Amino acid sequence: MYVFTLYITGENIHAQAAIKNLQRICETAMTEECEVQIVDVLQQPEEAETHYIIATPTLVKLSPAPTRRVIGDLSDLPKVLSALGLEISSQGKTTP
Amino acid sequence: MNLYPSIEKLPTGIAGFDDITEGGLPKGRTTLVSGTAGSGKTVLASEFLAEGIQKMGDSGVFVTFEESPEDIRRNILSLGWNVLEWEAQQRWAFVDASPRLEQETVIAGRYDFSALLARIENAVRRTGATRLAMDSLGAIFSRFEDASIVRNELFRIASALKALGVTAVMTAERRDEYGDISRFGVEEFVADNVLILRNVLESEKRRRTIEILKYRGTSHHKGEYPFTILPEKGIVIIPLAAIELKQRSSALRVSSGNRELDAMCGGGFFRDSIILVSGATGTGKTLITTEFVAGGVESGEKSLLFAFEESREQLFRNAVGWGRDFEQLEAEGKLKVVCDYPEVAGLEDHLIRMKSIIEEFQPARVAVDSLSALERISTLKGFREFVIGFTSFIKHKEIAGLFTATTPTLTGGASITETHISTITASIILLRYVEMAGEMKRGLTMLKMRGSAHDHDIHEFNIDGDGMHIGDPFRSVAGILAGHPVMIDPRG
């Protein structure tokens, strides 16, 4: 199972795009189930402090190891997939 | 006249800084502090917060982009400030934005620094901070490759700080001491106010300076001011122009410690005047110094002697040879002799130390034997600044000062020291060897005595177990000062 935390700030366009893109990745590029916790740093600044978040959106992959961070609205799909260690072949299956 | 009434300033509490900035940092604004590596940016940023807590009761937030909070804590503790206690009291908070090497980070899409801003705002609210430091911007530019996004976001943070009423400093790197203001052009986007810190190697000597490059809409002193970094005190800036203005002038006279010399200068030295004694080695400079400090004690004044050429033992032995017991005078608390090698510290450090000894001992007169020894360890400019800084300080305190300078040749010529400081001193006493009829004699003359009539003759003098005895003027001799005495016919 994939476990993610997505840090966003309020409901700005970057946050909305990141949520949408992550949803799409979970649905199309992943073979296993996907658990996502969304943290709004405006509501929970201490969470951002504890995890040293500077930029938003930031996606943190907690499991499977190793931990990875992806900054940005996840619009650069190939970069997101390679950063998360997802195989390009699985992407190939979904986009014939 | 105040041309800029609208911008209030926040006193920083950093020694000398509020003098050169005419009141401190522009309140509620962000000031950029730019400097090369090792120029003291982080110390300034830390001290801005530390002095706020200690002196004004202002809390502070430190945002670090480069070093870890642990490293910064260690540096602050080494300066003598208990940052751990302040953190526990919620008067100081770190926002740790330093790079975390253990986590690989990839950038994939559009982003902003809203999370950082939220953390900063949270820390400011939590501590009630009115001061903030960000150190150092270069580190965040190298992590987020798109410089234009970083600039925009920093501008947004600076605007948010303004809205919070927080006075901030941001530090940035520069490559050269006299090149671009900062890397990445931060100054154009972020700050209306720019300070430059320099750490220049000049004639093999390190020299730290601070310059206010721009202070938009508000007045300040221009030019580079020397500063030093001391344990327990942090940054100490020497505000030359600012202190020079405050000098008073006294008509009271004090004894030189030698009755004949008093007579030559019209009844003694002025109480707040600076006397320079110039002569070749062995002409009697240390003797005049000895009589000056001992004379002070005799007339009931505390005297302080800074000796940079001779050891304590040597000095005390000399004094005994001239009938003065320094040991006894020190034991009575009327005299203090401070012996030091000039090379043990930089000139700025010497100045700070000498000032604090004066503050502590509160003498009525101070002697420095010799200034030339201090000149050896400094650049020309640094030396001049030292002399101005020191003389202004003792004049302001209405302390009589006597400095000695060593001339390079035995029989004549001016010392280098003399050339550079003669305009600052009120009186110059020249000591010269005079060769006459195959015999070496000693000559003394008052070259100038500001604001008073004085003797213009060149007198012969002798030294014995009681000290110095000034005799009659040399007659029928010319060219003594130039070092080439020739007999002239007294009948003209």
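Residues numbered from 1 in each chain as written. Chains lettered and ligands numbered in written order. Predicted model: local features only at pLDDT ≥ 70, side-chain atom pairs only at ≥ 80, totals over all residues. Heavy atoms only, no water.

Asker: Which parts of the structure should I look at to understand the overall build of chain A?
Answerer: When its secondary structure is counted, chain A shows 4 helices and 4 strands. The secondary structure elements of chain A, listed N-terminal to C-terminal, are β-α-β-α-β-β-α-α. Of all 96 residues assigned to chain A, the portion counted as buried reaches 50%. Counting contacts in chain A only where the partners sit at least 6 residues apart, residues at least 24 apart contribute 69% of the total. Approximately 4,900 Å² of chain A is accessible, and the part contributed by carbon and sulfur atoms is 51%. (Helix = DSSP H or I, 4+ residues; strand = E, 2+ residues; numbered from the N terminus. Buried < 20%, exposed > 50% of the residue type's maximum accessible area, 1.4 Å probe, protein only. Contact = heavy atoms within 4.5 Å. Areas by Shrake-Rupley, 256 points an atom, 1.4 Å probe, with all protein chains shown as cover.)

Asker: Got a minute to help me understand the overall build of chain B in this structure?
Answerer: Broken down by element type, chain B carries 17 helices and 25 strands. Considering only C-alpha atoms, chain B reaches an extent of 100 × 50 × 45 Å along its principal axes. For chain B, the proportion of its 492 residues judged to be buried stands at 57%. Restricting the contact set of chain B to residue pairs at least 6 apart, pairs at least 24 apart contribute 68%. Surface exposure of chain B reaches about 20,500 Å², of which carbon and sulfur atoms provide 50%. Measuring between centres, the 57 positive side-chain charges of chain B sit 4 Å from its 68 negative side-chain charges. (Lys, Arg positive; Asp, Glu negative; His and termini not counted. Charge placed at Lys NZ, Arg CZ, Asp CG, Glu CD.)

Asker: I'm lost on the sheet that holds strand E6 (residues 104-107) of chain B in this one. Help?
Answerer: Remark on secondary structure: sheet strands pair via backbone hydrogen bonds, oriented parallel or antiparallel. In spatial order, the strands read E2(A)-E1(A)-E3(A)-E4(A)-E6(B); together these 5 strands make up an open sheet with mixed pairing. In this open sheet, the two edge strands, each paired with only one partner strand, are strand E2 (34-40) of chain A together with E6 of chain B. Here the strands of the sheet are splayed against their neighbours by 20 degrees on average, with no regard to which way each runs. The pairing of strand E3 (residues 58-63) of chain A with strand E4 (residues 68-71) of chain A spans 4 bridges and is classified as antiparallel. Bridged to Lys-61 of chain A within E4 of chain A is Arg-68 of chain A. Helix-sheet contacts for helix H3 (residues 77-84) of chain A involve strand E1 (2-8), E3 and E4 of chain A together with E6 of chain B, and the interaxial angle to E4 of chain A is about 165 degrees. (Pairing = 2+ DSSP bridges. Axes fitted to C-alpha atoms, helices over the stretch in contact; angles between N-to-C directions.)

Asker: Would you mind showing me how to read the layout of surface pockets here?
Answerer: Residues and elements named next belong to chain B. Approximately 590 Å³ is the volume found for the largest pocket. As for the largest pocket, its lining consists of 28 residues, of which Ala-15, Gly-16, Val-236, Ile-237 and Lys-355 are closest to the centre. Broken down by secondary-structure element, the contributors of at least two residues to the lining of the largest pocket are helix H1 (17-20), helix H2 (41-56), strand E12 (234-237), helix H14 (347-361) and helix H16 (380-396). Residues that form the lining of the largest pocket fall into these classes: 11 nonpolar, 6 polar and 11 charged. Counting contributing residues, the lining of the largest pocket receives three or more from each of domain 1 (9-240) and domain 2 (253-487). (1 Å grid on protein atoms, 1.4 Å probe; cavity = no way out; pocket = protein on both sides within 12 Å on 5 of 7 lines; lining within 4 Å. Points joined across faces, edges and corners; volume = space filled by probe spheres on them. Nonpolar A, V, L, I, M, F, W, Y, C, P; charged D, E, K, R; others polar. Domains from an automatic or database assignment.)

Asker: Is there a simple way to explain the interface of chain B and chain A in this structure?
Answerer: When the parts of a complex come together, some accessible area is lost, and that lost area is often taken as the interface size. Taken together, the contact between chain B and chain A spans 26 residues of the former and 30 residues of the latter. Summing the contributions of chain B and of chain A, the shared interface buries around 2,400 Å²; its carbon and sulfur component is 55%. Where chain B meets chain A, there are 4 salt bridges. In this structure, Arg-110 of chain B engages Asp-73 of chain A in a salt bridge whose closest nitrogen and oxygen atoms are separated by 2.9 Å. The interface formed by chain B and chain A includes 12 residue pairs in polar contact (both at pLDDT 80 or more). Of all the secondary-structure elements, those providing two or more residues to the side of chain B that touches chain A are strand E5 (92-96), E6, helix H5 (114-127) and helix H6 (137-143) of chain B. It is H5 of chain B that contributes the most residues to the side of chain B that touches chain A, 7 residues altogether. (Buried area = accessible area lost by both parts, 1.4 Å probe. Salt bridge = Lys/Arg side-chain N within 4 Å of Asp/Glu carboxyl O. Polar contact = N/O pair within 3.5 Å; in protein donor to acceptor, adjacent residues only side chain to side chain.)

Asker: Mind showing me how you'd approach the pairing of strand E8 (residues 167-173) of chain B here?
Answerer: If a strand is regular, its side chains alternate between the two faces of the sheet. Residue and element names in this part refer to chain B. Burial of E8 is extensive: 7 of the 7 residues sit out of reach of the surface. Of the two faces of E8, the one holding Thr-167, Val-169, Thr-171 and Glu-173 and the one holding Ala-168, Met-170 and Ala-172 are both buried throughout. Inspection of the sheet shows strand E3 (residues 30-35) paired to E8 by 6 bridges, in the parallel sense. Note that in E8 the partner of Thr-31 across the bridge is Val-169. Two strands pair when backbone bridges link them, and strand E7 (residues 131-135) and E8 are joined in this way by 4 bridges, in the parallel orientation. Paired with Arg-131 across the strands is Thr-167, a residue of E8.

Asker: What's the story with the packing of H14 of chain B against H16 of chain B in this structure? I'm lost.
Answerer: Describing two packed helices takes the angle between their axes plus the distance from one axis to the other. Residue and element names in this part refer to chain B. At a minimum axis distance of 10 Å, the contact between H14 and H16 shows a crossing angle of 10 degrees. One finds that H14 runs roughly parallel with respect to H16. Contact residues: Leu-347, Leu-351, Met-354, Lys-355, Ile-358 and Glu-359 in H14; Gly-382, Phe-383, Phe-386, Gly-389, Phe-390, Phe-393 and Ile-394 in H16. Tallied by class, residues from the contact of H14 with H16 come to 9 nonpolar, 2 polar and 2 charged. (Parallel < 35°, antiparallel > 145°, perpendicular 65-115°, else oblique.)

Asker: Got a minute to help me understand the nonpolar core in this structure?
Answerer: In summary, soluble globular proteins display a tendency toward joint burial of nonpolar side chains. Ranked by internal contacts, the top residues of the largest apolar core, which has 41 residues, are Val-63, Phe-65, Phe-113, Leu-116, Ile-120, Leu-132 and Phe-144 of chain B. The biggest single contributor to this core is helix H7 (residues 147-164) of chain B, with 7 residues. Once you skip the residues sitting within four places of it in the chain, Phe-113 of chain B turns out to touch Ile-54 and Ala-55 of chain A together with Ile-140, Phe-144, Val-150, Glu-153 and Arg-156 of chain B. One finds Ile-357, Leu-371, Phe-393 and Phe-403 of chain B within the second-largest nonpolar core, a separate group that totals 33 residues. (Core = buried A, V, L, I, M, F, W, Y, C linked by side-chain atoms within 4.5 Å.)

Asker: Is there a simple way to think about the confidence of the model for chain A in this case?
Answerer: Note that predicted coordinates carrying low pLDDT should not be read in detail. Of the residues in chain A, 90% reach a pLDDT of 70 or more, and the chain-wide mean stands at 87. Segment residues 89-96 of chain A: pLDDT under 50, and 5 contacts once partners within four positions in sequence are set aside and those in other chains are kept. (pLDDT = per-residue confidence, 0-100.)

Asker: Looking at this structure, I do not really get the state of the cysteines. What am I missing?
Answerer: By definition, a disulfide links the sulfur atoms of two cysteines through a covalent bond. Residue and element names in this part refer to chain A. A full pass over the atoms with the stated rule returns 1 disulfide over all chains. With its sulfur 2.3 Å from that of its partner, Cys-26 forms a disulfide with Cys-34. Across the S-S bond of Cys-26 and Cys-34 the torsion is about -45 degrees, and the bridge reads as left-handed. A relative accessible area of 16% places Cys-26 in the buried class. Residue classification places Cys-34 among the partly exposed positions, given a relative accessible area of 25%. (Disulfide = S-S within 2.5 Å.)

Asker: Explanation requested: empty space enclosed by the protein in the structure shown.
Answerer: A water-sized probe, rolled over the atoms, reveals where empty space remains. Residue and element names in this part refer to chain B. For the coordinates displayed, the defined rule picks out 2 cavities of 30 Å³ or more. Taken as a whole, the largest cavity holds about 50 Å³ of empty space. Together, Pro-226, Ile-238, Leu-347, Glu-348, Leu-351, Gly-382, Glu-385 and Phe-386 line the largest cavity. Mapped onto the lining of the largest cavity, the elements with two or more residues apiece are H14 and H16.

Asker: I would appreciate a short explanation of helix H12 (residues 312-321) of chain B in the present structure.
Answerer: Since one α-helical turn is 3.6 residues long, residues separated by three or four positions face the same way. All names here are of chain B. Buried within H12 are the following residues: Leu-315, Phe-316, Asn-318 and Ala-319. The buried side chains of H12 occupy one side of the element, clustering within an arc of 155 degrees when seen end-on. Those residues of H12 that are exposed and angled more than 90 degrees off the buried face are Glu-313, Arg-317 and Val-320. Contacts from the buried residues of H12 go to helix H11 (285-298), strand E16 (303-307), helix H13 (326-331) and strand E17 (335-339). Downstream of H12 by a residue or two, Gly-323 has a phi angle that is positive, lying close to 80 degrees. (Arc of directions from axis to C-beta.)

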